[in-house]
Amino acid sequence: MSSKTILYVEDNELNRRIVRDLLRRTSYRLLEAPDGETGIAVARQERPDLILMDVQLPVVSGIEATRTLRAELATAATPIIAITSFALAGDEEKARQAGATAYLAKPYSPRDLLELIRRLVPEAQGTGE
Ligand code: MN
């Protein structure tokens, strides 16, 4: 069985590294994009099983990228976890209206994120070492 693919759209390199380290010991395959426009392009091409979408992104915001992907057949039902900023009131509501499946406010614990990912997209069986 092939491993599940996660796309993380995030402009902050440190956050990307944290998630990279978090998923290293799982069977998930991680793709990364540094802005909303690239995130949309990678999602269209790779059809990930789940998308982690930072809300505050350059070029195209996470809200706009979520709305765009929701309007396309291939990604209309893909689980999207919006990573919102706790400090920015309204992020969560905007993400919900754009079609996000779930949200997590920064700062979050990596353990909570992994739990949420596993709940939405269980790891493939039989791919562990
Ligand atoms: Mn950001």
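If you're wondering where the values come from, they're calculated on a predicted model, not measured in any experiment.

**Some remarks on the side chain of Glu10**
Part 1 of the reasoning: Here Glu10 shows up in the loop between strand 1 (5–9) and helix 1 (13–24).
Part 2 of the reasoning: Beyond its immediate sequence surroundings of up to four residues, Glu10 is in contact with Asn15, Arg16, Ala33, Pro34, Asp54, Leu57 and Lys106.

**Describing the coordination of the manganese ion**
Part 1 of the reasoning: Protein coordination of the manganese ion is provided by Asp11 (OD), Asp54 (OD) and Gln56 (O), with donor distances spanning 2.1 to 2.3 Å.
Part 2 of the reasoning: Taken in sequence order, the residues that donate to the manganese ion follow the motif D-x42-D-x1-Q.
Part 3 of the reasoning: Using a relative accessible area of 2% as the deciding quantity, one classes Asp54 as buried.
Part 4 of the reasoning: Here Gln56 falls in the partly exposed class, since its relative accessible area comes to 40%.

**Regarding the packing of helix 3 (residues 62–70) against helix 4 (residues 91–98)**
Part 1 of the reasoning: Put simply, helix 3 and helix 4 touch, their axes get as near as 8 Å, and they point 15° apart. When the axis of helix 3 is compared with that of helix 4, the two are roughly parallel. Crossing of helix 3 against helix 4: the hand is right-handed. Residues Ile63, Thr66, Arg67 and Arg70 of helix 3 lie in contact with helix 4, whose contacting residues are Asp91, Lys94, Ala95 and Ala98.
Part 2 of the reasoning: Of the residues that constitute the contact of helix 3 with helix 4, the class distribution is three nonpolar, one polar and four charged.

**Considering the pattern of salt bridges**
Part 1 of the reasoning: Counting across every chain of the model gives twelve salt bridges.
Part 2 of the reasoning: The salt bridge involving Glu123 is made with Arg118; its shortest N-O contact spans 2.7 Å.
Part 3 of the reasoning: Using a relative accessible area of 38% as the deciding quantity, one classes Arg118 as partly exposed.
Part 4 of the reasoning: By sharing partners, the salt bridges in this structure join Glu13, Arg16, Arg17, Arg20 and Glu32 into a single network.

Conventions used here
- Residues numbered from 1 in each chain as written.
- Predicted model: local features only at pLDDT ≥ 70, side-chain atom pairs only at ≥ 80, totals over all residues.
- Heavy atoms only, no water.
- Helix = DSSP H or I, 4+ residues; strand = E, 2+ residues; numbered from the N terminus.
- Contact = heavy atoms within 4.5 Å.
- Donors = N, O, S within 2.8 Å, 3.2 Å for Na, K, Ca; no water.
- Buried < 20%, exposed > 50% of the residue type's maximum accessible area, 1.4 Å probe, protein only.
- Axes fitted to C-alpha atoms, helices over the stretch in contact; angles between N-to-C directions.
- Parallel < 35°, antiparallel > 145°, perpendicular 65-115°, else oblique.
- Left-handed = near helix turned anticlockwise from the far one by under 90°.
- Nonpolar A, V, L, I, M, F, W, Y, C, P; charged D, E, K, R; others polar.
- Salt bridge = Lys/Arg side-chain N within 4 Å of Asp/Glu carboxyl O.

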